[in-house]
Amino acid sequence: MSVGGFADRVLHVDLTDGRIDKHPLDLDLAQRFIGGLGLTIKLAYDTILPGTDPLSPENPIVLGAGPLVGTNLPSTSRLYAVTKLPTSGTIGWCGSGGVNFGYLFKNAGYDHLIIKGRADRPVYLKIIDDEVEICDAAHLWGKGAEETSEALWMELGHPTGVMTMGQAGENLVPFSIAFIDRIATLGRGGLGAIMGAKNLKAIVVKGTRGIKVADRKRYKGLSEDFLQTIRSYPYLKEWQDLGLVKSFPMIPKETYYGMKKRRIACVSCPIGCKDVIEIPDGDFKGLVKCTSSVLNLYTPVLYGFKDHRESIRCMATIDQYGLDAFEFFGLMSFAKALADHGIIPPEQLDEEIATDSLASMEGWARKITYREGLGDILARGFKGILEEFGKEAETYAPPLVKGMQPYVGPGAALSWDLFGTMELGQVLDPRGPHVGASGSPTYFDRRPLEVFPRHLTRMGVPEEAFERILPGLNSPDQEEELRVGRLLKYSHAWFSILGSLGICARGAINRFYNASLCAQFYEAVTGIEMDVDQLRRRADRLWTLLRMANIREGLDQKAEALPHKWFSKPGFKRYTTEEPLGLQEGEEMIEDYYDEWGWERKTGIPSPQLLEKLGLKEN
Amino acid sequence: MGKYEIQTSKAKCTGCLRCQLACSELYTKVFNPSQARIRVVTSGADCSIRFEEDCNDCGICVDHCFFDALTKTKRESDK
Ligand code: SF4
Ligand code: SF4
Ligand code: SF4
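Residues numbered from 1 in each chain as written. Chains lettered and ligands numbered in written order. Predicted model: local features only at pLDDT ≥ 70, side-chain atom pairs only at ≥ 80, totals over all residues. Heavy atoms only, no water.

Novice: Would you mind showing me how to read helix α22 (residues 515-526) of chain A here?
Specialist: The α-helix winds at 3.6 residues per turn, so residues separated by three or four positions along the chain end up facing the same way. Residue and element names in this part refer to chain A. An ideal rise of 1.5 Å per residue puts 16 Å on 12 residues; α22 measures up with 16 Å between its terminal C-alpha atoms. A large share of α22 lies buried, amounting to 10 of its 12 residues. Listed in full, the buried residues belonging to α22 are A515, L517, C518, A519, F521, Y522, E523, A524, V525 and T526. For α22, the secondary structure elements touched by its buried residues are α1 (27-32), α7 (216-231), α18 (452-458), α20 (484-501) and α23 (532-552). Capping the start of α22 is the job of one residue whose side-chain oxygen sits 3.0 Å from the backbone nitrogen of S516: N514. (Helix = DSSP H or I, 4+ residues; strand = E, 2+ residues; numbered from the N terminus. Expected span 1.5 Å × (residues − 1). Buried < 20%, exposed > 50% of the residue type's maximum accessible area, 1.4 Å probe, protein only. Contact = heavy atoms within 4.5 Å. Polar contact = N/O pair within 3.5 Å; in protein donor to acceptor, adjacent residues only side chain to side chain.)

Novice: For this particular structure, what's the right way to read the packing of aromatic side chains?
Specialist: Two descriptors summarise a pair of aromatic rings, namely the distance from one centre to the other and the angle between the planes of the rings. Residue and element names in this part refer to chain A. For the structure shown, the criterion picks out 29 aromatic pairs over all chains. The interplanar angle of 70° and the centroid separation of 5.7 Å between the aromatic rings of Y233 and Y235 together place this pair among those described as edge-to-face. Exposure remark for Y233: the relative accessible area of 15% places this residue in the buried category. Here Y235 falls in the partly exposed class, since its relative accessible area comes to 45%. Against the face of W93 rests R431, its NZ or CZ located 4.4 Å from the ring centre. The ring of W597 has K489 lying over it, and the distance from NZ or CZ to the ring centre is 4.7 Å. (Phe/Tyr/Trp six-rings, centres within 6.5 Å; stacked < 30°, edge-to-face > 60°. Lys NZ or Arg CZ within 6 Å of the ring centre and 35° of its normal.)

Novice: Any chance you could explain a nonpolar patch on the surface here in plain terms?
Specialist: A cluster of nonpolar residues, W416(A), Y443(A) and F444(A), forms a patch on the protein surface that exposes about 290 Å² of accessible area. Judged by relative accessible area, Y443(A) falls into the partly exposed class, the value being 39%. (Patch = residues over 30% accessible without salt bridge, like charges linked within 9 Å, V, L, I, M, F, W, Y side chains within 5 Å. Areas by Shrake-Rupley, 256 points an atom, 1.4 Å probe, with all protein chains shown as cover. Salt bridge = Lys/Arg side-chain N within 4 Å of Asp/Glu carboxyl O.)

Novice: Can you walk me through the interface of chain B and chain A in this structure?
Specialist: Often, the extent of an interface is quoted as the loss of accessible area on bringing the components together. In this assembly, 29 residues from chain B lie in contact with 39 residues from chain A. When chain B packs against chain A, the two sides together hide about 2,600 Å² of surface, and 54% of this comes from carbon and sulfur. When residues of chain B are sorted by the area they lose upon contact with chain A, R18(B), F31(B) and F66(B) head the list and together hold 28% of the total. Taken together, the links from chain B to chain A amount to two salt bridges. Between D68(B) and K237(A) there is a salt bridge, with the nearest N and O atoms lying 3.6 Å from each other. Across the contact surface, chain B and chain A share 14 residue pairs in polar contact (both at pLDDT 80 or more). (Buried area = accessible area lost by both parts, 1.4 Å probe.)

Novice: Just checking my understanding: could you explain the sheet that holds strand β13 (residues 260-264) of chain A for this structure?
Specialist: In sheet architecture, strand pairing relies on hydrogen bonds along the backbone and comes in two forms, parallel and antiparallel. Residues and elements named next belong to chain A. Ordered in space as β13-β14-β15, the three strands form an open sheet in which the pairing is antiparallel. Two strands lie at the open edges of the sheet, namely β13 and β15 (288-291), each paired on one side alone. The mean angle between the axes of side-by-side strands here comes to 15°, regardless of whether they run parallel or antiparallel. Here four bridges tie β13 to strand β14 (residues 274-278), and the two strands are oriented antiparallel to one another. Residue pairing for β14: R263 is matched across the bridge by D275. (Pairing = 2+ DSSP bridges. Axes fitted to C-alpha atoms, helices over the stretch in contact; angles between N-to-C directions.)

Encoded structure:
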């Protein structure tokens, strides 16, 4: 049986000297790191020179799509990038549903792409199967992310995968992001700026080679059963129809239906969580907006916008520029507080800051993007503002993690207050305050602990760890407990497995997968032997290597300290009892997390023995 | 003429290409949407669904569409 799933090549592009090389995929390495996210981390580890400035030509962008990408297993289009991010200064993963880009990249015949250097003029990278070309992008430079995608589709037709950034990326705003096929975001933390620093406006890809499966018979049996499970899921239609709108009363269903034009699914996805909407009335009637979720379009509402149509218009502007909307609004609230207290002197304020006003927010988005006046200072993010306005400003800053605003927590726009894995994960994800890698049953509030073991098994947690995660669950004389820090290790491990195979990590779809099925799909698709134990070991290897990559950059446990502002009232609450969570308890969770990985409990440094065991010694 | 008559509903299509994946695998043994006999393009609010000349109306793509954008009815002659 031949190896399937993998496209078998890694594409190397050096934008400085224009060199393009195609190397065969090192299958041994692929096996050791599963593929996808895992191998992307490994290639990034080997390519990033320690101490590299994120916006220097030397910082590579490493892209990868796992071995299941290109098959018809549900929601296997996932695309990853690993690079050193300018906002956090850490080496982090960036992930996207992949839309069309993921399967087209694999079909062009590549599993990974490593981009280094800096072009001497604006360029875009064109990949059409074997033909790879660095093309002039003078006509695209200065355009918004959506405009650029459209221009490239005009040029190349459909289907073409397009990864691009907006003017904020061109102007090196550290909280600029990239877009995949105009609808999905990639790289909160500054992937847009990294592309900008390389003079790389876009990557386009077309592919027609096909992806083969090693054991078609086994694949067919497994996938048919699996598809049947999804088909018979009683809430499938509701998920397809409403998605997350279901659980966010902020968006009335009638309003959503009134503007919904289409749902978009990444290739192979039976759920489809992305939205195309059209404003049906008012000043912006007819505005069509593509978004990775309609919820994103309500970000300005969280910050005070009264009219959702203005909110959508504002998001259309922010997305064109390619700014991370969440960071932008957090920053503007902070700047407003500084202005209100005279810390930003009135003469520097060339325009009022009103986070509930479309005109004001569009104006500031423009000033930040083009770095005009005060906008140039705000464009440097929280770190830049604190440097500029000093100690006095700190009082008004939101709780920050690795220089960025957490999604969730006291004082954040989303004020979920129970402290589960996603909340803790905001300080322990190497990329900064993100929640995407930290899913677990604590996603839902106050689940009874009896239901946890079933989910743990699904996520591939070994049974010997149950007692550590849920002490007292099986002993009547001991009080039941949930160790969030220990559980978070397995959230990250499960995320690593899904990402390395190429499966979307969103709850709506990953709920159908389990570790054993992942191992079986991997075997059937690639023909490479795999079981749950081996998957676990590889997940340990790849996430520990990501840890090592960051330790090499000087990351220490201080950078992962819990923000003290989380613990001033009203703060987070314990997941199980809803009692206030203390700082010390939070700190113990971090130690538990390190310990569960086998990293040194106080420092989070993997021990030499562990590195030996995981075969990472040579790194 | 194949067994089924296939109806399309562009409004429901999400561009997931499950149909193209299934068709290409069935006839070429490889997942290769560029070889499929059905071609779907969604771009923003727009969508087009068309069948290539060599489509034999076997209806397999319909079975793989989770969004009811494709439906099939048995042809009279086949009933
Ligand atoms: S759930 Fe959403 S992000 Fe994930 S594969 Fe489906 S459409 Fe893409
Ligand atoms: S009906 Fe059969 S041949 Fe025609 S597009 Fe669908 S799967 Fe392909
Ligand atoms: S499977 Fe259905 S929803 Fe998906 S692209 Fe084909 S027709 Fe559209």
